[in-house]
Amino acid sequence: MTQTLRLSAGAVPVATLRAIAQAPCVLDFAAADWDRIAGSADALTRRLGEGKPIYGVNTGFGKFSQKRIDDASLDQLQLNLVLSHCTGSGPLLDDSVMRLVLALKAIGLARGHSAVRESIVRSLLALLAAQAYPCVPAKGSVGASGDLTPLAHMSAVLIGRGTARIGGKTVGGDAALAAAGVAPLRLGPKEGLALLNGTQVTTALALSGLFAAENVFAAAIVTGMLSLDACKGISTPFDPRIHAARGHRGQMDVAATYRRLLDGSGIGASHRNEHRVQDPYSLRCQPQVMGACLDLIRNAAATLTIEANAVSDNPIVFADTGEILSGGNFHAEPVGFAADTLALAIAEIGGMSERRTALLMDSALSGLPAFLTDNPGLNSGFMVAQISAAALASENKCLSHPGTVDSIPTAAGQEDHVSMATYAARRLGEMASNAAGIVAIELLAACQGLDYLAPLKTSPVLLKAHEAVRAKVPHLDRDREFAPDIAAATRLIESGFFRDLVPELTLG
């Protein structure tokens, strides 16, 4: 179902960005935004009439910035810029990411500092509305001067070149524009540069990773409490006084959610008078670890929301004064840092989840049947599923190495420090997928453990999670091909089902 959203450029919240990523949309901007677009374009026209050099408008690019371009060649300069930068490689960005790319580019231009005509923004919105998504290779950007290569592939469609996907079918750029009801654009002064400069691809990839991480985080929160109940764990470590004494917001919030999730658990009540003092860290320290992850997720969301609304091309036009200033807002270091910290959170969510799966299988620690199977020896139970979880957790450790600590100079030293933020953001999708698989295995193990405790029941909220799993995956009464079960649990996690069980921890 196509959603219609009216945006105010510069004030688009994370919930709206998530909605754009999740489903096809028709976008429009407030009247004030369209006025700013027109005012910016008029300001550039006036400055061009003065005959002074303006970077990327009547000069070359990068190392050629001192080369003056004659007036008769200004449109050709912008066309050449787009064509020469279509050098990407690798798999194509998916439709969800491309919806964000198109929307973010339109938002940035609608801020009214890029000196593009209204028709440029209208064409971006038309492609979105027609679900005609440019075919953009995922690799080729170093995250400064913006996402030049992938945005060139996007922009090629606007001029009737390149290719796009409509309903899963690849068509030429001219056909994509026809389906969207717009004509190929003839780029004017600065318009090619405004389209190519910017961090929109990196930011779209990072947002996509953020939304995936949010789903995995919510699932791990719920699953961690399923595991705690399955092991008859102690709830004392979630006492609010413990967390207030430390003071980290994420830790306090997560502990409060854990208390709510466990409220009314018959399993918890059954062992309340036992005198066990402590549980292993993967149960006891969940508020500290998952709270720290929540803080990183929230900080990343704040940074990415700012960037999604930002002007990140160059130079920047200030219509109120007529000034055109060259700077470096295209440098994606803030986005790279956000992506790198998200990677740490994703790796830790999966790492702790894998440890709880191992704990559940260890009868000496969990009190449950060894490897969560009725007839150990004949049946292996969850033994090899935990091995798969360990493999995924180890892979995420390698992928969590910071991308932004790397830099390779480009453009003959003119662009001598780059962010590598595009890779930092792109790898988040793979990491979140790995983590979803890890948590899915724990989810199945925890539900298996709870089955063994019947007729005792977990809390009403956790019972909803257990029932959702059992609606898709039956109890493991004997060995069977387990990959389909893991895949079904992974799909449940990635659907966002668990976000609805912990709404107080979602981003909005």
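Procedures and definitions
- Residues numbered from 1 in each chain as written.
- Predicted model: local features only at pLDDT ≥ 70, side-chain atom pairs only at ≥ 80, totals over all residues.
- Heavy atoms only, no water.
- Pairing = 2+ DSSP bridges.
- Helix = DSSP H or I, 4+ residues; strand = E, 2+ residues; numbered from the N terminus.
- Axes fitted to C-alpha atoms, helices over the stretch in contact; angles between N-to-C directions.
- Phe/Tyr/Trp six-rings, centres within 6.5 Å; stacked < 30°, edge-to-face > 60°.
- Buried < 20%, exposed > 50% of the residue type's maximum accessible area, 1.4 Å probe, protein only.
- Salt bridge = Lys/Arg side-chain N within 4 Å of Asp/Glu carboxyl O.

Enquirer: Even after reading the chapter, I still don't get the sheet that holds strand 6 (residues 163-166), so can you show me in this structure?
Expert: Strands in a sheet are paired, the pairing made by backbone hydrogen bonds, and the direction either parallel or antiparallel. With antiparallel pairing, three strands are arranged side by side in an open sheet as 4-6-7. Two strands lie at the open edges of the sheet, namely strand 4 (132-134) and strand 7 (169-172), each paired on one side alone. Within this sheet the neighbouring strands show an average axis-to-axis angle of 40°, counted without direction. Inspection of the sheet shows strand 6 paired to strand 7 by four bridges, in the antiparallel sense. Bridged to Arg165 within strand 7 is Thr170.

Enquirer: How do you make sense of the packing of aromatic side chains when you look at a structure like this?
Expert: If you walk through the whole model with that rule in mind, you get five aromatic pairs. When the ring of Phe238 is compared with that of Tyr258, the centres are 5.2 Å apart and the planes differ by 50°; the resulting orientation is tilted. With Phe238 in the loop between helix 9 (200-230) and helix 10 (240-246) and Tyr258 in helix 11 (residues 249-262), this pair connects stretches of sequence that are 20 residues apart. Classification of Tyr258 by relative accessible area gives buried; the value is 0%. Ring plane angle 90° and centroid distance 5.0 Å describe the contact between Phe382 and Phe482, whose orientation is recorded as edge-to-face. Highlighted residues: Phe382 in the loop between helix 16 (363-366) and helix 17 (383-399) and Phe482 in the loop between helix 19 (460-470) and helix 20 (483-494), separated in sequence by 100 residues. On the basis of relative accessible area, Phe382 is assigned to the buried category, the value being 1%.

Enquirer: Help me out: how do you make sense of the pattern of salt bridges in this one?
Expert: Where side chains of opposite charge bring their charged atoms close, a pairing between them can arise. Counting across every chain of the model gives 20 salt bridges. Between Arg122 and Glu118 there is a salt bridge; the shortest N-O distance is 3.0 Å. In this pair, Arg122 and Glu118 both sit in helix 5 (residues 118-129), four residues apart, roughly one turn of the helix. Under the relative-accessibility criterion, Arg122 is labelled partly exposed at 37%. Here Arg241 ties to Asp239 by a salt bridge, and the two come within 2.8 Å at their closest N and O atoms. What emerges from the salt-bridge pattern is a single network uniting Arg6, Asp28, Glu118 and Arg122.

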